[in-house]
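Observations on the three-dimensional arrangement
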Amino acid sequence: MSQAPIATSRSASGIPTARLAVWWVLASEIVIFGGLIMCYLMFRLHHESWAYEAEATKTAAGAFNTFVLLTSSLFVVLAHNAAEKKDTVKAVRYIWYTIFGGFVFMAVKAYEYTSEISHGYTMFKSVFWSFYYLATGLHGFHVVCGMFIMWMISRDVKKGKNLHRVEAIGIYWHFVDVVWIFLFPLLYIAK
Amino acid sequence: MSFWEKYVFSTDHKVIGLQYMFTGLFMAAIGGFFVYVFRMQLAFPGISVPGYGEVTPLAYNSLVTNHGTIMIFWFAMPVLIAAFGNILIPLMIGCDDMVFPRINRLSFQIFLLSAIILIASFFVPNGGFGGAWTSYPPLSANAEYNATPLGAPMWLIAVALEFVAFLLGGINFITTLMNARAPGMTMYRIPIVLWMIVIASILFMCSVGPLIAGAVMLLFDQTLGTSFYNPAGGGDPLLWQHLFWFFGHPEVYVVLLPAMGIVAEIMATMARKKLFGYKTILYSVIATGILSFVVWAHHQFIAGIDPRMANLFTVTTLLISVPIAELCFVYIATLYGGSITFNTPMLWALSFMVEFLIGGITGIFLGASGVDIFFHDTYFVVAHFHYTFVPIAIIGFYAGITYWFPKIFGKMLSDRLGKIHFWGTIIPFNFIFIPLFLLGAAGQHRRIWDFSNYSDLATPEFFNLRVIATVSLIVMISFQFVFLFNFIKSLRSKEKAPKNPWDANTLEWTADSPPPHGNWPELPEKVYRGPYEFSHPDRESDFWPQDEPGPDPDDPDYKSGYSPDSDIESSSTKA
C-alpha cells in the first residue's frame, strides 16, 4: 500500500474516526459484560446461599485493587493531557505508570486466585465461583490486553507518532475501570 | 502487485467483499448438499443417498444442525452484510475504501478461520455437532448426550469466532458510514441499503454480546466441567435459551434488513420512481430494530416460562409485524404508477416481497402463544422460517448480485438465462415448503430421523408430500447450475458493461465497471441530492445522478421549472 486511503482521513460526523470506533467497541463490550452481569444477578436473586460463598472473597484485596485501577485511570488522563500538548516524554511516562497500575492489579488478582484455589474455592465448587472466575477472568483479560496495547502505543508516542491513540486507549481503560466498579460490589461486597 | 497481494491479503474493500461472497457461496454449497442428503433420507428412509451413502441417526442430526448453522452464519451473514456491505458502502458514499482497511482484512481472516474450523469439525471422530443450531443445553453441554465430544466445542468455537469477525466488520461499517461520506452526502441522502446494512450491524452488535458471554459459559460447561447450565450443579438450562434467543431474534432482522435494502434500491431504479417515503422506511426500520429486542421469548412458549410473560411476548411479537408491514406497503407504493422493467433483478425483488409475505403471515400464527403450543417444533415452524430465510438469503443475494454484477465484474449477465434461473428457483421453492406447511399442521414433528417408525406419520399421503418436497428441492438445486453457467459465461464474454447500465442515480454507477483500486481517479466532489430522483417532472432525462451539479428537489427552497442556467446560479449562490 503506497499511501493510506482518503477514507481514513475523512470525518463527516465531526468526531475523529479513532474515537468513534472506540466508542462503538465499548458499546459492544457493554453488552458482553452487561449480559454476564445480568445472568449473575438473576442467579443471585434466586440463590440466597451465594451470600455464604461470597464471604470467602477477599474484600480488602478487592478494595485495594479498586484503588489501584482508579489511580491508573488518573494516569491515563494525565498521559492524554500531555499528548494533547505534544509533550511526548511526559505522555510516555504516564502511559508507563498506567501499565504499572495494571501490573499491580494483576499481581493482586493472582494472589487472590492462588489463595482461593488453595482453599478449595475452585471454579467447580459452585455456580457462584464459576461466575466469579469467569467475570474476573474476562475482566483481567481486558486489563492485560489494555496493557499490551498501551505498550505498543507508548513505542509510537516515543517517536512522536499517532498521539491521538493515547486518547483512544484512555477511553478503553476507563471502561475496564467501570466494569471493575460493577464487579467489585457484586462479587466482593454483597454478602 | 503480486497475485497474493492483490487477491488474498488485499485491504481493498471490493476484494474483501468478494472474498466474503465466494467463501459464503462455497459454504452455501456445503449447506445445500447437506439438505439434499437429509431430505433424501426423510422422503426415502434408509436408502443409500447418491453421493453420500446411508444416513445414520447421528449423521442426520449433524447434517440438520450444520445446514442451519451454515446457512445463517456462513451464508446469509457474510453474503448479505459483509459482502454487499464491503462492496457498496465506500462506493455508494463516494469514498475510496473503508476507514479501517486492515481491520477489514482481519475480520475476513477470522471469518475464514471460523469456516475452516467448522468444516474440520465434520471430520473429527463421531462427526460434527448434532444438537441443532440453537444448541440447547444439556444436549449441547454434555458429551454423553450429544455423542460429539469434539464436534460440539469445535462448532461453538467456530460460531464464536464468526461473531468476532462480524463485530470487527460491523464497527468498521458503522464508522465508515458515519465518517467517510463525501461532502453533501447528508443523513437523508444516504442510499437506503446502506442505512439497512448499518442498522443491521448495530443490531448485531447490541444483541450478540450476551451470547458471546453465554458461549464462553457453554464452552466451559463442555470442556472444563462447570455447571452454568447444569441443574444438578446449581445452574439453569433455560438461561442459555434466553441468551440465545436474545441474540437469535434480532439476528433475523440483521439478515432481513440488508435484503430489504437491496430490494428497495432495485425497485426504485426499475420502476423509475422515487422511493416512496424514505424517512418512513428509515423510522420503520429503527422501530423494527428496537422491537426486535423484546420479542425473543416467543421461541420459548413451551419451555416452561411464566404464562404471563408469554402473553407479553405475544403482544410484542404481533407489534413487530406493524413496521414490517409498513415497509411492504411503502414498497408497493413505490411500484404504484411506476414504469416497471421486468428484468432479472426486478423479478427477484418482486418475488422477495411475495415470498417474504407468506413467511411473515405464518409468523403471526406462531407468535400467538396459544397456537404456538400446537405448532411448536413441527414442520409448520420449519416451513415458516424457510419462507423468511430463503427470500432473505437466496432471493436477496440473487437480487443483489444480478443488479450489481455489471459494477462488480464489469460484464453484463444474460437476462434470458437469468429468467430461466429465476423461475427454476422460485417455482420449486414453493413446492418444497407448501407441503411442509401441510405436514406441520398435521402434526409432523421436527428432528425425526425416520418417520416410518411412527405409524400416524408414516401414511402414504404424508410420504407423497415428503417426496414432492424432496424432488422439488433437487430441481431447485439443479437450477442453480444455470446461474453458475450464466456467471462463468458472462465473466468470459468480451463485451464490457457500461458505467451505468440501469440509469441509476447512486454514486457507485459513476465509477468504472469494475472500479479500480481507489474506485475513482478523483473522488466525487459533492453530492447534490437524494439517491432516488427518478422521472422528475422538471427534467428531460428520467434520472438525476446524485453527483450531477444542480439543485436538490427536496430542498424547501426548490422551485419547479428548472433550467440548467438558473440551476448553476442558484447552486453557486448557495455555496
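Look above for the structure.
Described below are features of the structure shown in this document.

On to the overall build of chain A. Counting its secondary structure elements, chain A contains six helices and zero strands. Ordering the α and β elements of chain A from the N terminus gives α-α-α-α-α-α. With the C-alpha coordinates aligned to their principal axes, the bounding extent of chain A is approximately 60 × 30 × 25 Å. Evaluated residue by residue, chain A yields a buried proportion of 49% over its 191 residues.

Moving on, we get to the packing of aromatic side chains. Overall, the coordinates contain 83 aromatic pairs over all chains when judged by the stated rule. Considering the side-chain rings of A:Trp180 and A:Phe184, the 6.3 Å spacing of their centres and the 20 degrees angle between planes classify their relative orientation as stacked. Linking A:Trp180 with A:Phe184, this pair stays in helix H6 (residues 164–189), spanning four residues, or about one helical turn. The class of A:Phe184 is buried, set by a relative accessible area of 11%. Cation over ring: B:Lys279 sits above B:Tyr188, and NZ or CZ is 4.3 Å from the ring centre. Above the face of the B:Tyr528 ring, B:Lys526 is positioned so that its terminal group lies 5.6 Å from the ring centre.

Moving on: the packing of helix H1 (residues 17–46) of chain A against helix H5 (residues 127–158) of chain A. Residue and element names in this part refer to chain A. The geometry of H1 relative to H5 is characterised by a closest axis approach of 11 Å and an angle of 165 degrees between their N-to-C directions. By the angle between their axes, H1 is roughly antiparallel relative to H5. Where H1 crosses over H5, the handedness of that crossing is left-handed. In this structure, H1 contributes Glu29, Ile32, Phe33, Leu36, Cys39, Tyr40 and Phe43 to the contact, and H5 contributes Phe128, Phe131, Leu134, Ala135, Leu138, His139 and His142. When its residues are assigned to classes, the contact of H1 with H5 shows 11 nonpolar, two polar and one charged.

Moving on, we come to the interface of chain A and chain B. Contact with chain A, which involves 32 residues of that partner, is made by 44 residues of chain B. Taken together, the two surfaces of chain A and chain B that pack against each other cover about 3000 Å², and 75% of this comes from carbon and sulfur. Linking chain A with chain B are zero salt bridges, by the criterion used here. At the boundary of chain A and chain B, one finds 10 residue pairs in polar contact (both at pLDDT 80 or more).

Turning to the side chain of B:Arg189, a few remarks are in order. Residues and elements named next belong to chain B. Looking at the element boundaries, Arg189 is found in the loop between helix H6 (151–179) and helix H7 (192–223). On the basis of relative accessible area, Arg189 is assigned to the buried category, the value being 15%. Within the local environment of Arg189, its side chain forms a polar contact with the backbone oxygen of Val527, the two atoms lying 3.2 Å apart. When residues no more than four places from it in sequence are discounted, the contact partners of Arg189 are Gly184, Tyr278, Val527, Tyr528, Arg529, Gly530, Pro531, Gln546 and Asp552.

What counts, and where the lines are drawn
Residues numbered from 1 in each chain as written. Chains lettered and ligands numbered in written order. Predicted model: local features only at pLDDT ≥ 70, side-chain atom pairs only at ≥ 80, totals over all residues. Heavy atoms only, no water. Helix = DSSP H or I, 4+ residues; strand = E, 2+ residues; numbered from the N terminus. Buried < 20%, exposed > 50% of the residue type's maximum accessible area, 1.4 Å probe, protein only. Phe/Tyr/Trp six-rings, centres within 6.5 Å; stacked < 30°, edge-to-face > 60°. Lys NZ or Arg CZ within 6 Å of the ring centre and 35° of its normal. Axes fitted to C-alpha atoms, helices over the stretch in contact; angles between N-to-C directions. Parallel < 35°, antiparallel > 145°, perpendicular 65-115°, else oblique. Left-handed = near helix turned anticlockwise from the far one by under 90°. Contact = heavy atoms within 4.5 Å. Nonpolar A, V, L, I, M, F, W, Y, C, P; charged D, E, K, R; others polar. Buried area = accessible area lost by both parts, 1.4 Å probe. Salt bridge = Lys/Arg side-chain N within 4 Å of Asp/Glu carboxyl O. Polar contact = N/O pair within 3.5 Å; in protein donor to acceptor, adjacent residues only side chain to side chain.

It is worth stressing that arrangement in space is one thing and function is another; only the former is reported here.
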